[in-house]
Amino acid sequence: MDSSLVSNPRVQLAATALVSAAVAAGTILSYQRLQRNDRVSRLKGSIPQYDDDEPALQSVTRVGPLPRPDTEDEHNQALAQRAQNGDWDDELILEQLARNRVFLGEDGLRKLRDAFVVVVGCGGVGSHACAALARSGVARLRLVDFDQVTLSSLNRHAVATLADVGLPKVQVLQRRLVAVAPWVRFDLRLQKFDGSVAGQLLQEWVGVDGEEGKEGEGRRPDFVIDAIDNIESKVELLKYCHDHGLPVISAMGAGTKSDPTRVMVGDIGASSEDGLSRATRRRLKLLGVSSGIPVVYSTEKMGEGKAALLPLPEEEFQKGSVGDLGVLPDFRVRILPVLGTMPAVFGYTVANHVILKITGYPMDYQPAKARDKMYDAILAYVQASEEKIVRMIEGTRTDVCVGLKVPITPGDIAFLVEEVFRGRSAVTGIPTKLVLIRWKKPRGTTLVRIGEESAEQKSSNLRLRDLVCMTKEEATRHQKKILQGDKSLKDLYSREVIELVEARQKESEAYERYRLMA
């Protein structure tokens, strides 16, 4: 290098500036990284840690004594031990339940006191349902929840106090409710529900550690309460209960709701005006469950000035992976506005349904419109339409469609009609005499053959995304002019209708993968 450049004061000054800038940038980046690590460390460190001989969050556990029990806790636990060992005057229990006794009758109260209920999800909705059941006399309660009480839980939780912040929700419920109903036996499971552990968490009552006589051992749940706010776990729970014949009731979203007069009980196929409800219905219908599960839901409509789901603030994304801020990876990082009173309304409605069902008390809910026959009729229409297309492409032989199957179920029909096309014709918006039919004319054969001769299976290559909802009259014209004629979609329909159908078909395609979970 030229020595004159090295000795040049300007060059020296520029080099010094560059080195200083690099050092400063490195220092800033290191400081920011340390700050972020410190924030994450403090966040995770804020969760209370228990000693080795105290209960901790495990995959499956039955919780023993509370951490740091106070005098009142010790007194209540001692009373509970006496009551569950039979050292409690039954007349005192009957007096405490006297109002239920005269309402439900002797036989009804007996059934309730003998019942075993599983509550999955012990937050705002589940805690109020659990408290109502314990106060009403239910003898055995299994509580399932992986989460802990936080400060933000206190606006809606049934029994949690400031002293309970940081403790498991299932433990807090048992801690408070034994002071009200010491004869109730609790089986506490600190675990996130999913399909892989459904058999364990919904198994028969097998007693609780320390329980004498194992009263009720081997009893299946009389009812399961779904108070989960995670869509994946919710669908897995409801599908398991449906497949195994376990009575279940599901609470839909109480978040963003404010009108208690709009909360009602109905079939899963009838619930509306709620994102959690809509997503649950869609997944279940694709798994073959279109009805038969009672749900508590709100018919309240969203509107200007009302609360809505809040996105995670942009500054949180700037801190790094949002997964570091959640209780579990990929589990709830958005803020859901909740009026503290509404989860209680949902929870008590759930508990009310369970009490009436177990005791056999007459129920006369407003019935939802039965649509199963309509789905069967639409499926038959799809079958007939596919047979016409096969005959047109394959020839007029009478045997070409014998035994032809379509890969569509009544659950698929319900999903397409109700969820994708919102119960209306895509052409005119008319909600009556609806059917489903192929939208586009096939370019090649639609017939799929597997096997040979007597073992041959014939089916259509029809997919959910191929179908469109129309009235029967519209479908007849569509079949004649589009599927069997030479007209194009643009000849028959406006640009708006074509765009609407294409959007609905993309929606169908996005959900088709869930059919494989059935």
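Attention here is on the structure that accompanies the text. (Residues numbered from 1 in each chain as written. Predicted model: local features only at pLDDT ≥ 70, side-chain atom pairs only at ≥ 80, totals over all residues. Heavy atoms only, no water.)

This part is about the overall build of the protein chain. Regarding its fold elements, the protein chain presents 17 helices and twelve strands. Buried residues in the protein chain amount to 44% of all 518 residues. A fraction of 73% describes how many contacts in the protein chain between residues 6 or more apart in sequence connect residues 24 or more apart. With the model as given, the accessible surface of the protein chain reaches about 26,900 Å², and the carbon-plus-sulfur share is 53%. (Helix = DSSP H or I, 4+ residues; strand = E, 2+ residues; numbered from the N terminus. Buried < 20%, exposed > 50% of the residue type's maximum accessible area, 1.4 Å probe, protein only. Contact = heavy atoms within 4.5 Å. Areas by Shrake-Rupley, 256 points an atom, 1.4 Å probe, with all protein chains shown as cover.)

Even without being glycine, Arg422 reaches a positive phi, approximately 55°. Relative to the elements of secondary structure, Arg422 occurs in the loop between helix 14 (410-420) and strand 9 (434-438). A relative accessible area of 41% means that Arg422 is categorised as partly exposed. In this structure, Lys433 is a non-glycine residue whose phi angle is positive, near 50°. Relative to the assigned elements, Lys433 resides in the loop between helix 14 and strand 9. We classify Lys433 as exposed; its relative accessible area is 53%.

Turning our eyes to something else, we now look at the sheet that holds strand 4 (residues 223-226). On the basis of which strands lie adjacent, the open sheet formed by seven strands has the order 3-2-1-4-5-7-6 and mixed pairing. Because the sheet does not close on itself, it has two edges, and the strands there are strand 3 (185-189) and strand 6 (263-267). Adjacent strand axes in the sheet meet at a mean angle of 20°, parallel and antiparallel pairs treated alike. Sheet topology places strand 1 (residues 116-120) next to strand 2 (residues 140-144); five bridges connect them, and they run parallel. Bridge pairing in strand 2 links Val118 to Arg142. (Pairing = 2+ DSSP bridges. Axes fitted to C-alpha atoms, helices over the stretch in contact; angles between N-to-C directions.)

Attention now goes to the side chain of Asp466. For Asp466, the location among the structural elements is in the loop between strand 11 (457-460) and strand 12 (467-471). There is a polar contact of 2.9 Å between the side chain of Asp466 and the backbone nitrogen of Arg463. Not counting residues up to four positions away in its chain, the partners in contact with Asp466 are Ile437, Arg438, Trp439, Asn461 and Gln505. (Polar contact = N/O pair within 3.5 Å; in protein donor to acceptor, adjacent residues only side chain to side chain.)

With that settled, consider a nonpolar patch on the surface. A cluster of nonpolar side chains, contributed by Val102, Phe103 and Tyr361, occupies part of the molecular surface with about 330 Å² of accessible area. As for its position among the elements, Tyr361 is in the loop between helix 12 (341-359) and helix 13 (372-394). (Patch = residues over 30% accessible without salt bridge, like charges linked within 9 Å, V, L, I, M, F, W, Y side chains within 5 Å. Salt bridge = Lys/Arg side-chain N within 4 Å of Asp/Glu carboxyl O.)

Interhelical geometry of helix 5 (residues 98-113) versus helix 12 gives an angle of 110° and a closest axis separation of 8 Å. As summarised for this structure, helix 5 and helix 12 are arranged roughly perpendicular, according to the angle between their axes. Taking contact as the criterion, the partners of Leu104, Gly108, Lys111 and Leu112 in helix 5 are, on helix 12, Ile355, Ile358 and Thr359. Split into classes, the residues belonging to the contact of helix 5 with helix 12 amount to four nonpolar, two polar and one charged. (Parallel < 35°, antiparallel > 145°, perpendicular 65-115°, else oblique. Nonpolar A, V, L, I, M, F, W, Y, C, P; charged D, E, K, R; others polar.)

Time to look at the pattern of salt bridges. All told, the structure shown has 26 salt bridges when counted by the stated rule. Arg113 is the salt-bridge partner of Asp90, the closest N and O atoms lying 2.7 Å from each other. Taken together, the residues span a long stretch of sequence, with Asp90 in helix 4 (residues 90-96) and Arg113 in helix 5 at a distance of 23 residues. Notably, a salt bridge pairs Lys169 with Asp147, separated by 3.7 Å at the nearest N-O pair. Of this pair, Lys169 sits in helix 7 (residues 169-177) while Asp147 is found in the loop between strand 2 and helix 7, placing the two residues 22 residues apart along the sequence. Here Lys169 falls in the buried class, since its relative accessible area comes to 9%.

The subject of this paragraph is a positive patch on the surface. Side chains of Arg477, Lys480, Lys481 and Lys487 sit close together on the surface and give a patch of like positive charge. Within the fold, Lys480 resides in helix 15 (residues 472-483). Take Lys480: its relative accessible area is 63%, and that puts it in the exposed class. (Lys, Arg positive; Asp, Glu negative; His and termini not counted. Charge placed at Lys NZ, Arg CZ, Asp CG, Glu CD.)

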